[in-house]
Amino acid sequence: MKIILVSHGDLAKAFLDAAQMIIGPQEDVCVFGLYPEASLEEFEQNISKKIAEYLEQNEEVFVFTDIFFGTPFNTMVRLMNQHKVHHFTGLSLPILLELLSVKDSEDIADLGRYLVEKGQTVFIDVNSFLDKQD
């Protein structure tokens, strides 16, 4: 399985850097960041080339974008018409860590379901949590 992280600016790279600091180097992850001076066409072409490369290697491709309906998300939705990928949005460090930790032990469909379920538990109102502890 290959993983592609797509975000505005350096967010995807920062998430990968932080994840690697916690769980070590990750060879099957590629990042793409969209910058104000960048051509949207070139951005999309670069991602498409990487996906095609992975698919030619008979790899399944798991894509995370940063925000729902943002430009990276919309770019990936367009690319889904050309390439078979598993696309999730709402990238967060806890979910990326989960993905990297279990990616080799889960079927990709099961992994997707697992991450959706896990995602519901990673956004926490700390004040409410602490109030319940008292």
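Above this note sits the structure.
Residues numbered from 1 in each chain as written. Predicted model: local features only at pLDDT ≥ 70, side-chain atom pairs only at ≥ 80, totals over all residues. Heavy atoms only, no water.

Draft legend 1. Quick peek at helix α2 (residues 40-56). The end-to-end C-alpha separation of α2 is 24 Å, in line with the 24 Å expected for 17 residues at 1.5 Å each. In this structure, the buried residues of α2 make contact with β1 (2-8), β2 (29-34), β3 (61-65) and α3 (71-79). The distance from a side-chain oxygen at the start of α2 to the backbone nitrogen of E41 is 3.3 Å, and the residue carrying that oxygen is S39. Of the residues flanking the end of α2, it is N58, one or two places downstream, whose phi is positive at about 60°. (Helix = DSSP H or I, 4+ residues; strand = E, 2+ residues; numbered from the N terminus. Expected span 1.5 Å × (residues − 1). Contact = heavy atoms within 4.5 Å. Polar contact = N/O pair within 3.5 Å; in protein donor to acceptor, adjacent residues only side chain to side chain.)

Draft legend 2. Structural detail: the packing of aromatic side chains. A full pass over the atoms with the stated rule returns 6 aromatic pairs. With centroids separated by 6.1 Å and ring planes inclined at 45°, the aromatic side chains of F64 and F88 adopt a geometry described as tilted. Of this pair, F64 sits in strand β3 while F88 sits in strand β4 (residues 86-89); the two residues are 24 residues apart in sequence, bridging distant segments of the chain. Looking at F88, the relative accessible area reads 21%, which means it is partly exposed. On the numbers, 5.0 Å between centres and 70° between planes, the contact of F68 with F73 is edge-to-face. Judged by its relative accessible area of 11%, F73 is buried. (Phe/Tyr/Trp six-rings, centres within 6.5 Å; stacked < 30°, edge-to-face > 60°. Buried < 20%, exposed > 50% of the residue type's maximum accessible area, 1.4 Å probe, protein only.)

Draft legend 3. Quick look at the pairing of β2. Inspection of the sheet shows β1 paired to β2 by 6 bridges, in the parallel sense. Bridge assignment links L5 to a residue of β2, and that residue is V31. Handedness of the crossover joining β1 and β2 through helix α1 (residues 11-23): right-handed. (Pairing = 2+ DSSP bridges. Right-handed = clockwise from strand over helix to strand, strands pointing away.)

Draft legend 4. Here's a closer look at a nonpolar patch on the surface. A contiguous nonpolar surface patch, about 380 Å² in accessible area, is contributed by I124, V126, F129 and L130. Locating F129 in the fold gives a position in helix α6 (residues 126-133). (Patch = residues over 30% accessible without salt bridge, like charges linked within 9 Å, V, L, I, M, F, W, Y side chains within 5 Å. Areas by Shrake-Rupley, 256 points an atom, 1.4 Å probe, with all protein chains shown as cover. Salt bridge = Lys/Arg side-chain N within 4 Å of Asp/Glu carboxyl O.)

Draft legend 5. Region of interest: the nonpolar core. Counting 20 residues, the largest nonpolar core has I3, L5, F62, F64, L96 and L99 as the members making the most contacts within it. Elements supplying a minimum of two residues to this core: β1, α1, β3, α4 (93-102) and α5 (108-119). A total of 6 residues in this core trace back to one element, the largest contributor, which is α4. Sequence-distant contacts of L5, that is, excluding residues within four places in its chain, are made with A12, L16, V29, C30, V31, F32, F64, L91 and L96. With 14 residues, the next largest nonpolar core counts I4, V6, F32 and Y54 among its residues. (Core = buried A, V, L, I, M, F, W, Y, C linked by side-chain atoms within 4.5 Å.)

Draft legend 6. Expanded view of the sheet that holds β3. Pairing in this open sheet of 4 strands is parallel, and the strands run β2-β1-β3-β4 from one edge to the other. Looking at strand neighbours, the two that pair on one side only are β2 and β4, the edges of this open sheet. Averaged over all pairs of adjacent strands, the angle between their axes in this sheet comes to 20°, without regard to strand direction. The strands that α1 touches are β1 and β2; relative to β1, the one it contacts most, it runs at about 130°. Strand contacts of α5: β3 and β4, with the helix running at about 20° to β3, the strand carrying the most contacts. (Axes fitted to C-alpha atoms, helices over the stretch in contact; angles between N-to-C directions.)

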